[in-house]
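Summary of the model geometry
The residues making up each chain are set out below.
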Amino acid sequence: MQNPAFDEAMRKALLLAATAWQQGEVPIGALVLDPAGLVVGEGFNTREQEHDPMNHAEVVALRMAALANESWRLDDHTLVVTLEPCTMCAGAAVQARIGRIVFGAFDSKAGAVGSLWDVVRDRRLPHRPEVVSGVLEAECAAILSEFFKAQR
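Let me begin by describing the structure that accompanies this report. All values derive from a computational prediction rather than experimental measurement.

Attention shifts here to the packing of aromatic side chains. Applying the stated criterion across every chain yields a total of 3 aromatic pairs. A ring pair is formed by W21 and F147, whose centres lie 5.7 Å apart and whose planes are at 85°; its orientation type is edge-to-face. In this pair, W21 sits in helix α1 (residues 7–22) while F147 sits in helix α5 (residues 137–151), placing the two residues 126 residues apart along the sequence. On the accessibility criterion, W21 (27% relative accessible area) is partly exposed. Using a relative accessible area of 5% as the deciding quantity, one classes F147 as buried.

Below is the structure:
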């Protein structure tokens, strides 16, 4: 889906993904926007350098945003991420009561926001964020493809 409203934020997330790659991490970047559109949290994968399986880009960004917000509740905030969140990250977004999830590339192997699972729209959960998908999809997919091609 083409949605120019989130292009600028996704470009910032792509810069974070590039930083992850430079540090030997899978290049995924994420940021959290407050209701005014200001960045209040950002992150990229740091699982390798921190030896922490929880340090996905989304979790890092959500933690920073919660600290900035002085609350774990991130209602009316937007999570912007270069790759469709996995089950852990989709669950973290739901638990944070994030208002909207915006992602770039779809993840047919582990995506939990519509591709493989749809955790965030499960009617059994008490909170269901809005989802905007495919923002700068080609660019977001390309950085991951280049990274994995270089690994081979």
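There is more to say, and it comes next.
This part takes up α1. For α1, built from 16 residues, the straight-helix expectation of 22 Å at 1.5 Å per residue is met to within 8% by its first-to-last C-alpha distance of 23 Å. Along α1, the residues that are buried comprise D7, A9, M10, A13, L14, L16, A17 and A20. The buried residues of α1 all sit within an arc of 165° when viewed along its axis, so they share a single face. For α1, exposure combined with an orientation more than 90 degrees from the buried face picks out E8, L15 and Q22.

Thresholds, definitions, all that
Residues numbered from 1 in each chain as written. Predicted model: local features only at pLDDT ≥ 70, side-chain atom pairs only at ≥ 80, totals over all residues. Heavy atoms only, no water. Phe/Tyr/Trp six-rings, centres within 6.5 Å; stacked < 30°, edge-to-face > 60°. Helix = DSSP H or I, 4+ residues; strand = E, 2+ residues; numbered from the N terminus. Buried < 20%, exposed > 50% of the residue type's maximum accessible area, 1.4 Å probe, protein only. Expected span 1.5 Å × (residues − 1). Arc of directions from axis to C-beta.

Fair warning: the whole summary comes from geometry, so function is off the table for now.
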